[in-house]
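For reference, the chains in residue letters:
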Amino acid sequence: MGTADAIKGVKPLVDEKFLVINGDVIVRENDLARMIASGDNAIGIKEVDDVNGLGVVELDDNKLKQIYEKSDEPPSNMTNTGIYLF
């Protein structure tokens, strides 16, 4: 079980948009404000040089296609920052 399972469990109990932020993440207020202002479901991503040991996202036309958890053959250098808006 992981983050997705926890979100699935609480989503029916929440009537409005909500943020999920991993406990080991430091985030700037203006970044959260931009995410919330978009009005859409969103995931924070960041481009990094070394994705070793990180969750990597695959995008298709700027939309999330798939998340790979610590893949041996990551499809990109865009990482999941552990910030989600639903």
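Our structure is the block above this text.
The rules behind the values
- Residues numbered from 1 in each chain as written.
- Predicted model: local features only at pLDDT ≥ 70, side-chain atom pairs only at ≥ 80, totals over all residues.
- Heavy atoms only, no water.
- Phe/Tyr/Trp six-rings, centres within 6.5 Å; stacked < 30°, edge-to-face > 60°.
- Buried < 20%, exposed > 50% of the residue type's maximum accessible area, 1.4 Å probe, protein only.
- Helix = DSSP H or I, 4+ residues; strand = E, 2+ residues; numbered from the N terminus.

A. Structural context of the packing of aromatic side chains. Counting across every chain of the model gives 2 aromatic pairs. Judged by centre distance (6.3 Å) and plane angle (20°), the ring pair of Tyr 84 and Phe 86 falls under stacked. Tyr 84 gets classed as buried once you look at its relative accessible area, which sits at 10%. Among the aromatic residues, ring-to-ring pairing joins Phe 18, Tyr 84 and Phe 86 into one connected group.

B. Geometry of unusual backbone geometry. Look at Asp 61: it is not a glycine, yet its phi comes out positive at around 55°. Positive phi is not limited to glycine here, since Asn 62 has a value of about 65°. Mapped onto the elements, Asn 62 comes out in the loop between β3 (55-60) and β4 (63-69). A relative accessible area of 72% means that Asn 62 is categorised as exposed.

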